[in-house]
Amino acid sequence: MATSKLQALWNHPAGPKTIHFWAPTFKWGISIANVADFAKPPEKLSYPQQIAVTCTGVIWSRYSTVITPKNWNLFSVNVAMAATGIYQLSRKIQHDYFSEAEAAVAEE
């Protein structure tokens, strides 16, 4: 049974014998790097970079569901990219726009 599932994966149109498998697999590196940046102070985050990561994740998540063959590896990596990008953008926005207001109120 396991052999037939592995053979089905191997022979799938988006399986390991195609670029449709390997491109999203290596794209996970971007999401992993973004998760590693969770420890980075928000002032060191880049708006253009995080906007690009977020938009790429949203756009390609949609695209991966309308192409043939359906590529769930591409879908999952792009959902992860969008999620980590949104989280990083929220950290940056909160730091840049809301922490200064809170500091000013605390000084009064």
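Residues numbered from 1 in each chain as written. Predicted model: local features only at pLDDT ≥ 70, side-chain atom pairs only at ≥ 80, totals over all residues. Heavy atoms only, no water.

Engineer: Would you explain the pattern of salt bridges in this entry?
Structural biologist: Throughout the structure, instances matching the rule amount to two salt bridges. Here Asp 37 makes a salt bridge to Lys 40, at a shortest N to O gap of 3.9 Å. Asp 37 sits in the buried class, given a relative accessible area of 19%. Using a relative accessible area of 30% as the deciding quantity, one classes Lys 40 as partly exposed. Note that Lys 92 is salt-bridged to Asp 96, the shortest N-O span being 3.6 Å. Pair noted here: Lys 92 and Asp 96 are both in helix 4 (residues 72-107), with a separation of four residues, about one helical turn. (Salt bridge = Lys/Arg side-chain N within 4 Å of Asp/Glu carboxyl O. Buried < 20%, exposed > 50% of the residue type's maximum accessible area, 1.4 Å probe, protein only. Helix = DSSP H or I, 4+ residues; strand = E, 2+ residues; numbered from the N terminus.)

Engineer: Is there a simple way to explain the side chain of Ser 64 in this structure?
Structural biologist: On the secondary structure map, Ser 64 appears in helix 3 (residues 47-66). Owing to a relative accessible area of 1%, Ser 64 belongs among the buried residues under this scheme. Apart from the residues within four sequence positions on either side, Ser 64 is in contact with Lys 70, Asn 71, Leu 74 and Phe 75. (Contact = heavy atoms within 4.5 Å.)

Engineer: What is the right way to read the packing of helix 2 (residues 19-36) against helix 3 from this model?
Structural biologist: Each pair of packed helices can be summarised by the angle the axes make with each other and by the distance between the axes. Interhelical geometry of helix 2 versus helix 3 gives an angle of 135 degrees and a closest axis separation of 12 Å. As the angle between them shows, helix 2 and helix 3 are arranged oblique. Crossing handedness for the pair helix 2 and helix 3: left-handed. When helix 2 is examined against helix 3, the residues Lys 27, Ile 30 and Asn 34 are found in contact with a partner set consisting of Gln 50, Val 53, Thr 56 and Trp 60. Tallied by class, the residues present in the contact of helix 2 with helix 3 amount to three nonpolar, three polar and one charged. (Axes fitted to C-alpha atoms, helices over the stretch in contact; angles between N-to-C directions. Parallel < 35°, antiparallel > 145°, perpendicular 65-115°, else oblique. Left-handed = near helix turned anticlockwise from the far one by under 90°. Nonpolar A, V, L, I, M, F, W, Y, C, P; charged D, E, K, R; others polar.)

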